[in-house]
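Residue strings, one per chain:
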Amino acid sequence: MKKLPFLALLILFAMCKSASHTYTKTVKKELTVEERIEEIKEENRLPEASDVLDLPNYAQVRDDFRSVSDKTRENYLQGMRALENQYSVVILTQGFKGENISIKNDSKSFYNGMTMSDLATGIAKSVRVDNAKNFTIYDSFTKGEVTISSDNAKMFKFIYVMKNNNNKETPFKVTFSNTLRPVR
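Computed from a predicted structure; not experimentally measured.

Attention shifts here to the overall build of the chain. Scanning the chain from N- to C-terminus turns up four helices and nine strands. Ordering the α and β elements of the chain from the N terminus gives α-α-β-α-β-β-β-β-β-β-α-β-β. Counting all 184 residues of the chain, 39% fall into the buried class. In the chain, once contacts between residues fewer than 6 apart in sequence are set aside, the share between residues at least 24 apart is 59%. For the chain, the computed accessible surface area is about 12,200 Å², with 53% contributed by carbon and sulfur atoms.

Below is the structure:
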C-alpha cells in the first residue's frame, strides 16, 4: 500500500517533465533591397507580392498570366538592351489616347511623347528605364503622375502601366512582373 502513492507520484513527475525544446524569439533584421534580391536568387524563385515592401495602393504584383517563351523573352530584352539587372522595361498598355506622356528620373528623361494604345495588341509603348533611381511617369492631360520606387523596380524586369482617365488623382494602374505577356 505504501508503494501505491509513491508510484502515483513517480507517474505524475514523469508526465510533467520539462519541455525538450526552448523557445527563443529570433528577430529578423531588416534587409536592404539588394540583400532581398540576393536571397530570392539563392532560393531560385521569382519575387512575390510578399517580397515587396511598401507597395502603393495603385500597384500590384502579378506573374499569373500567359507568358512568352524564355527565348522570346531574352530576344525582347536584348532588342531593348535591357538584359542587365540595372534596367527594367516600362510597358505602357491600355487607356492611352494620344496624351503627352513623359517618363523620367531626376537626371535623365527616358521617354517624352504622344502615346496611343494599339487596340489590336493592347500595347502603347515599351521603354527601357534605369531602375537605380526612382522615376516618374507624368500625364499632361490629367496632370497626374506616378512615382515608381527604385526598390520596387529593381525586383521586377517588367512594369506594366495602364491608364484610366476617369481617376484624376492617380490615373495609372501599375503591375510589377517578371513575366513578359505575349502580344495578341
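It is worth spelling out the sheet that holds strand S3 (residues 97-104) at this point. Ordered by their spatial adjacency, four strands build an open sheet running S4-S3-S6-S7, and the pairing between neighbours is antiparallel. At either margin of the open sheet sits one strand with a lone partner, and together these are strand S4 (109-116) and strand S7 (145-148). Direction aside, the axes of adjacent strands within the sheet are offset by 15° on average. Taken together, the four bridges between S3 and strand S6 (residues 135-139) define a ladder with antiparallel strand orientation. The residue of S6 that forms the bridge with lysine 104 is threonine 136.

Per the counting criterion, the structure on display carries four salt bridges. For the salt bridge of lysine 133 with aspartate 106, the shortest nitrogen-to-oxygen distance reads 3.7 Å. Of the two residues, lysine 133 sits in the loop between strand S5 (125-130) and S6 while aspartate 106 sits in the loop between S3 and S4, which places them 27 residues apart along the sequence. Residue class for lysine 133 comes out partly exposed when judged on its relative accessible area of 37%. For aspartate 106, a relative accessible area of 68% gives the class exposed. Connected through salt bridges with shared partners, the residues Glu99, Asp139 and Lys163 form a single ionic network.

How each quantity is defined
Residues numbered from 1 in each chain as written. Predicted model: local features only at pLDDT ≥ 70, side-chain atom pairs only at ≥ 80, totals over all residues. Heavy atoms only, no water. Helix = DSSP H or I, 4+ residues; strand = E, 2+ residues; numbered from the N terminus. Buried < 20%, exposed > 50% of the residue type's maximum accessible area, 1.4 Å probe, protein only. Contact = heavy atoms within 4.5 Å. Areas by Shrake-Rupley, 256 points an atom, 1.4 Å probe, with all protein chains shown as cover. Pairing = 2+ DSSP bridges. Axes fitted to C-alpha atoms, helices over the stretch in contact; angles between N-to-C directions. Salt bridge = Lys/Arg side-chain N within 4 Å of Asp/Glu carboxyl O.

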